[in-house]
Amino acid sequence: MKIIADSGATKTDWCLINGLGEVKTVQTIGLNPYFLDEDGILNVLEKDLHPFLDSTKVEHVFFYGSGCTAPRKKQVMQSTLDTFFRQAGVEIESDLLGAARALYGKEKGLVCILGTGASSCLYDGEQIAERVNSLGYILGDEGGGSSLGKQLLAAYFRNELPEHLHNLFAQKYPAELSRVLDAIYREPAPNRFLASFVEFLDENKSDSFVKEFVSSAFDTFFRKQILRYDSYDIYPLCFIGSVGFIFADELHKSAEKHELTISKIEQTPLDGLLKFHK
């Protein structure tokens, strides 16, 4: 058996491929080594993945994960997966390289992830040639779900939302500020908590305020990320991630403001990665 895994901040999709080429997908929470230590990752694997496979029969694992760029964090994931998949060869790469391979294969282009987080890179057809630091949900991730959720919560609690949206938000999330702050500062995975409020934006994405709200966030993404590349206007531009996929219209319009054309927006990299590793 071979496994291809794509792990973002919120979820991990595991594609289990048997000897006949048949594919089964299992989903667990996101396994980011910045939020989970080795024991935490192993607990998730034992509880949520082990029931669906015999890990001793897995021959190879290709794991693409958020938080796996820094060598120190990559090693955490490497040693943990080596422990769980004792008989397998395990290859760990960043989610950005996974997105690049899924979108472009062996071709060159600009790669963007807009999911819970937000990041980008210039891909040379084999490896990441250049990248702008994402900086995570506290310092960066502009345009991603955690950033959108953070801005939405701030607008709500500061009474900056239009009245009709304020009332809708209060009905859907009748939580006090203190409870929200506890979830952000005291509970695990605050980035996932913040990104969960994208659902409200999705439900109201036809609203003019929401359209402008999301477009403004995407404008910031382009300024902070894409326009930083010297060659940003000569390479194809493609996106992967649930936020970019949900708000594709606003993303295209934001790109046009910067005289850019988006070639492709995919919700997940799974199909592309399956093709790449075929």
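The structure under discussion appears in the preceding block.
What counts as what
Residues numbered from 1 in each chain as written. Predicted model: local features only at pLDDT ≥ 70, side-chain atom pairs only at ≥ 80, totals over all residues. Heavy atoms only, no water. Helix = DSSP H or I, 4+ residues; strand = E, 2+ residues; numbered from the N terminus. Polar contact = N/O pair within 3.5 Å; in protein donor to acceptor, adjacent residues only side chain to side chain. Contact = heavy atoms within 4.5 Å. 1 Å grid on protein atoms, 1.4 Å probe; cavity = no way out; pocket = protein on both sides within 12 Å on 5 of 7 lines; lining within 4 Å. Points joined across faces, edges and corners; volume = space filled by probe spheres on them. Nonpolar A, V, L, I, M, F, W, Y, C, P; charged D, E, K, R; others polar. Phe/Tyr/Trp six-rings, centres within 6.5 Å; stacked < 30°, edge-to-face > 60°. Buried < 20%, exposed > 50% of the residue type's maximum accessible area, 1.4 Å probe, protein only. Pairing = 2+ DSSP bridges. Axes fitted to C-alpha atoms, helices over the stretch in contact; angles between N-to-C directions.

### Digging into the side chain of Ser94
Relative to the helices and strands, Ser94 resides in strand β5 (residues 89-94). Separated by 3.1 Å, the side chain of Ser94 and the backbone nitrogen of Leu97 make a polar contact. Those residues in contact with Ser94, other than ones at most four positions away along the chain, are Tyr64, Gly65, Cys68, Thr69 and Ile128.

### Structural notes on the layout of surface pockets
Estimates place the volume of the largest pocket at around 1,200 Å³. Taken together, 47 residues form the lining of the largest pocket, with Ala9, Ser66, Asp95, Thr116 and Gly117 sitting closest to its centre. Breaking the lining of the largest pocket down by element, the ones donating at least two residues are β1 (2-7), α3 (95-104), β7 (118-123), α4 (136-139), α8 (190-195), α9 (198-203) and α11 (242-246). Within the lining of the largest pocket, the residues separate by chemical class into 17 nonpolar, 22 polar and eight charged. Of all elements in the fold, only α4, α5 (145-157) and α7 (177-185) reach the threshold of two or more residues within the lining of the second largest pocket. Among the elements that make up the lining of the second largest pocket, the one with the highest residue count is α7 (five residues).

### Examining the packing of aromatic side chains
This structure, assessed with the given rule, holds 15 aromatic pairs. The interplanar angle of 75° and the centroid separation of 4.9 Å between the aromatic rings of Tyr156 and Phe157 together place this pair among those described as edge-to-face. You can call Tyr156 buried: its relative accessible area is 10%. Members of the aromatic cluster, connected to one another through ring pairs, are Tyr156, Phe157, Phe169, Tyr173, Phe193, Phe197 and Phe200.

### Brief notes about the sheet that holds strand β10 (residues 264-266)
Overall, mixed pairing links the five strands, which are arranged β8-β7-β6-β9-β10 in an open sheet. This sheet does not close on itself; its edge strands, each paired only once, are β8 (128-132) and β10. In this sheet, adjacent strand axes meet at a mean angle of 20° when their direction is disregarded. The sheet contact formed by β7 and β8 spans four bridges and is antiparallel. Across the sheet, the residue bridging to Leu122 is Glu130, located in β8.

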